[in-house]
Amino acid sequence: INENSLQPQVCNDPQGCASGGTRGATGREPQGTTYVPPGARPNPFLANSSTTWWYMNNASYEGVSVSLVKRASHGLTFKTNYTFSKAMDLNSGLGATFSHNEPSQVLNPFNLELSKGVAAFNLQHQFNANFSYELPFGRGQRWGSGASGVANQVIGDWQWNGILTAQSGFPFTPQVGSNRSGTGDTQAPDVPNRNPAFSGPVILGTPNKWFNPNAFLLPIAGTFGNAGRSSFIGPGLTTLDTSLFKKFSINERWNLQFRAEVFNLLNHANFGLPNTTVFSGTSISPSAGIISNTSTTSRQIQFALKLIF
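How each quantity is defined
Residues numbered from 1 in each chain as written. Predicted model: local features only at pLDDT ≥ 70, side-chain atom pairs only at ≥ 80, totals over all residues. Heavy atoms only, no water. Helix = DSSP H or I, 4+ residues; strand = E, 2+ residues; numbered from the N terminus. Rg over C-alpha atoms; globule rule 2.2 N^0.38 Å. Contact = heavy atoms within 4.5 Å. Areas by Shrake-Rupley, 256 points an atom, 1.4 Å probe, with all protein chains shown as cover. Lys, Arg positive; Asp, Glu negative; His and termini not counted. Charge placed at Lys NZ, Arg CZ, Asp CG, Glu CD. Salt bridge = Lys/Arg side-chain N within 4 Å of Asp/Glu carboxyl O. Buried < 20%, exposed > 50% of the residue type's maximum accessible area, 1.4 Å probe, protein only. Disulfide = S-S within 2.5 Å. Phe/Tyr/Trp six-rings, centres within 6.5 Å; stacked < 30°, edge-to-face > 60°.

1. Description of the overall build of the chain
Here comes step 1: A tally of regular secondary structure across the chain gives one helix and 20 strands.
Here comes step 2: Against the 2.2 N^0.38 benchmark of 19 Å for 309 residues, the chain shows a C-alpha radius of gyration of 28 Å, more extended than a compact globule.
Here comes step 3: Its C-alpha atoms give the chain principal-axis dimensions of about 95 × 40 × 35 Å.
Here comes step 4: Taking as baseline every contact in the chain between residues at least 6 positions apart, the subset at least 24 positions apart corresponds to 68%.
Here comes step 5: Element-wise, carbon and sulfur atoms account for 56% of the exposed surface of the chain, whose accessible area totals about 16900 Å².
Here comes step 6: Here the chain contributes 20 positively and 14 negatively charged side chains, and the mean placements of these two sets differ by 11 Å.

Written out as structure tokens, the structure is:
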């Protein structure tokens, strides 16, 4: 939280109340509205804002996981698992790699419930599978069991492996891009308002425009937006890696292993998170919702020799 924030109030004046916080008197709110009155930070000698870590609430995790495992037999072993889960907290961004998909501080330190939502690292759906299969060729195997010498060296001791990962996207929080509430927090955790006149899907699902910024409105200066924290989901991830190993027996102590490995075999494009800043000043940002990076590489192929002794 930012301890050097102006404290919001509830307007009790039937004529309305001036709002704006550190921005000055830039708005007027009707009676009953939570607003930030014009003024300076509580400690005017502390430049900008402060960051304080408070461990004053609980995080929660609920989930169910199922798995299927096959022990090694006939050269084949595999394991699959699926997890459906939900993690909740007040903030996940500060000091973590997830600060790019949510504000790094809570929206209002005097009302923490405004920041309660799905954790920034939450993955609702996760599926993983891996297998290893010793191909049935060569001495003692189903096919070519009588092979020996060079023939066995060619067709025997092959192993095929694979890893499949499929998961839903990380949540993200749309942001105003400035301290619209006027609390004095330069980390700018402010969120926009949902546009009541907007109809249609908010999530468009393309890298050129993952979400529609017209679904949001700029809050009146000195007030907090109502777009919920982590209320939208970013792109998911699907990747398949596979490899083919071949062992060459040199003697009882030395073995040479040939490895052909392919990462992201399907060359599936896994996109990163969109730009969550909706506004640039008082206008919609031209980069709002645009995805400019991928979370994995394109298909990668590598070969290697491994000496085992």
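2. So, the pattern of salt bridges
Here comes step 1: Tallied over the entire structure, the rule returns three salt bridges.
Here comes step 2: For arginine 229, the salt bridge goes to aspartate 89, with nearest N and O atoms at 2.6 Å. Of this pair, arginine 229 sits in the loop between β14 (216–217) and β15 (232–233) while aspartate 89 sits in strand β6 (residues 76–89), and the two are 140 residues apart along the sequence. Taken as a pair, arginine 229 and aspartate 89 share a single burial class, namely buried.

3. Some remarks on the state of the cysteines
Here comes step 1: All told, the structure shown has one disulfide when counted by the stated rule.
Here comes step 2: Shown here is the disulfide that connects cysteine 11 with cysteine 17, its sulfur atoms set 2.1 Å apart. Judged by the torsion about the S-S bond (80°), the cysteine 11/cysteine 17 disulfide is right-handed. There is no split in this pair, since cysteine 11 and cysteine 17 are both buried.

4. Thoughts on the packing of aromatic side chains
Here comes step 1: Applying the stated criterion across every chain yields a total of seven aromatic pairs.
Here comes step 2: Among the aromatic residues, ring-to-ring pairing joins Phe172, Phe211, Phe216 and Phe232 into one connected group.

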